[in-house]
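Structure assessment
The residues making up each chain are set out below.
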Amino acid sequence: MSDVDLRKLRYFVAVAEHLHFGRAAEQLFIAQPVLSRQIRALEEELGARLFARDRRGTALTAAGEQLLIEAKPLLASAEALQRRVIRAAAGADTFTIGFMPGLIVTGAVRALTDRHPGLTVELVRTDWFDQTEVVHDGRVDVSLVRLPIDPHGLTVRPLYTEPRVVVLPAEHRLAGKDAVSIADLAEEHLLQDPDLVPEWRAVATELRTDRPVVPAFRSVEEKLEHVAAGHGIIFLPLSVMTFYTRPDIAHIPVTDIAPNEVCLAWSAHRVVRHAEEFAALAAQ
């Protein structure tokens, strides 16, 4: 079998994610006939049909589904390799750290640069949806992450835990209390995936019937806007809520909910200089 062309893999992933050749071609800035030819060539190289197309639309075959699973980390690794080579060619001794809102890395960064005066530390702000993606695609060397994450392909070092709080509109009946239990929140509408809060899931009234649709939020700011508008509640680590303090929402400790776990993650497939050292400093 000939070597797999990474460009064709990128084309395949675009079609697989859209399940529409026209929209994928627009995303890739190429003509649709060119895209179709590239996909046919990839199928011939692999000896497998990747898409089933009929008048109802485009669907992945079993081979296509498997290739999509394999292609994404392969493309991410290729991007990471390119970034590392460019940095090495520039001759810079750099260490790039990803961090989420509420996680303060200043102390650990200062301790690391005190030990390595020639080291340049760069910081990249991440969020729930890309906190591990930035490791896989090489944008960062290490990333401070909040569990749960998919640990596949990662080395993960626990750092510490912190309490979680419930976030409510400022005029909510529970606002102003010193603390609440999860049972106090059983009647509320949760603006998150219930699997992230199993304690609430176990008692939630709305999960016994048809749960209202929850929009897909891309940031903490979006979630807080919906809370302030009275659309529901969310649970956040205390440091995040402290970071986003605002007058139209309230946050209250929850006495019987598991804390949030903060870890450091980096690629398990290559040596990452300073990773173990930085993990030890961050844990302090």
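Reference entry: report on the structure contained in this document.

About the thresholds
Numbering of residues begins from 1 in every chain and follows the order in which that chain's sequence is written. Local features in a predicted model are, by the rule used here, given only for residues with pLDDT of at least 70; side-chain atom pairs are given and counted only at 80 or more, and totals for whole chains, interfaces and linings are based on all residues. To obtain the side-chain values, all non-hydrogen atoms of the structure were included, while hydrogens and water were left out. By salt bridge we mean one thing: a side-chain nitrogen of Lys or Arg within 4 Å of a carboxyl oxygen of Asp or Glu. Each helix is a run of H or I in the DSSP string that is no shorter than four residues. Each strand is a run of E no shorter than two, and both are numbered from the N terminus. A simple rule labels every residue: compare its accessible area, found with a 1.4 Å probe on the protein chains alone, to the largest value its type can have, and call it buried under 20%, exposed over 50%, or partly exposed in between. A strand pair is defined by DSSP finding two or more bridges across the two strands. Axis lines are fitted through C-alpha atoms, for helices just across the contact stretch, and the angle between N-to-C directions can take any value from 0 to 180 degrees. What makes two residues a contact is simply this: any of their non-hydrogen atoms within 4.5 Å. Side-chain atoms within 4.5 Å link the members of a nonpolar core, which is a set of buried Ala, Val, Leu, Ile, Met, Phe, Trp, Tyr and Cys residues.

Topic: the pattern of salt bridges
Applying the stated criterion across every chain, the model contains 19 salt bridges. Linking arginine 157 and glutamate 276 is a salt bridge whose minimum nitrogen-to-oxygen distance equals 2.6 Å. On the criterion of sequence distance, the pair formed by arginine 157 in strand β6 (residues 154–162) and glutamate 276 in helix α10 (residues 275–283) is long-range, its members being 119 residues apart. When its relative accessible area of 31% is taken as the criterion, arginine 157 is described as partly exposed.

Structural notes on the sheet that holds β6
Read from one edge of the open sheet, 5 strands run β4-β3-β5-β10-β6, paired in mixed fashion. Lying at the two open borders of the sheet, with one neighbouring strand each, are β4 (120–125) and β6. Neighbour-to-neighbour, the strand axes of the sheet open up by a mean angle of 20 degrees, direction not taken into account. Inspection of the sheet shows strand β5 (residues 142–146) paired to strand β10 (residues 260–267) by 4 bridges, in the antiparallel sense. In the sheet register, valine 145 faces β10, and the bridge partner there is cysteine 263.

Looking at the sheet that holds strand β7 (residues 164–169)
Within a sheet, each strand pairs with its neighbour through backbone hydrogen bonds, oriented either parallel or antiparallel. Strand order across the open sheet formed by 3 strands is β8-β7-β9, with antiparallel pairing between neighbours. Each edge of the sheet is formed by a strand with only one pairing partner; in this case those strands are β8 (234–237) and β9 (249–253). Direction aside, the axes of adjacent strands within the sheet are offset by 40 degrees on average. Relative to β8, helix α8 (residues 220–228) is tilted by about 135 degrees, and along the sheet it contacts β7, β8 and β9.

Considering the side chain of threonine 96
Its location among the elements puts threonine 96 in strand β3 (residues 94–99). Judged by its relative accessible area of 2%, threonine 96 falls in the buried class.

Some thoughts on the nonpolar core
Counting residues in hydrophobic clusters, the biggest one holds 21 residues, and the most contacted among them are Phe95, Ile97, Val142, Leu144, Leu264, Trp266 and Phe278. When residues of this core are traced back to their parent elements, those giving at least two are β3, α5 (106–115), β5, β10 and α10. Here this core takes 5 residues from α10, the largest share from any one element. In this view, leucine 144 contacts Ile97, Gly98, Phe99, Met100, Leu103, Val105, Gln131, Leu159, Cys263, Leu264 and Phe278; residues no more than four positions away in its chain are not counted. In this structure, Val13, Phe51, Leu67 and Leu68 belong to the second largest nonpolar core, which totals 19 residues.

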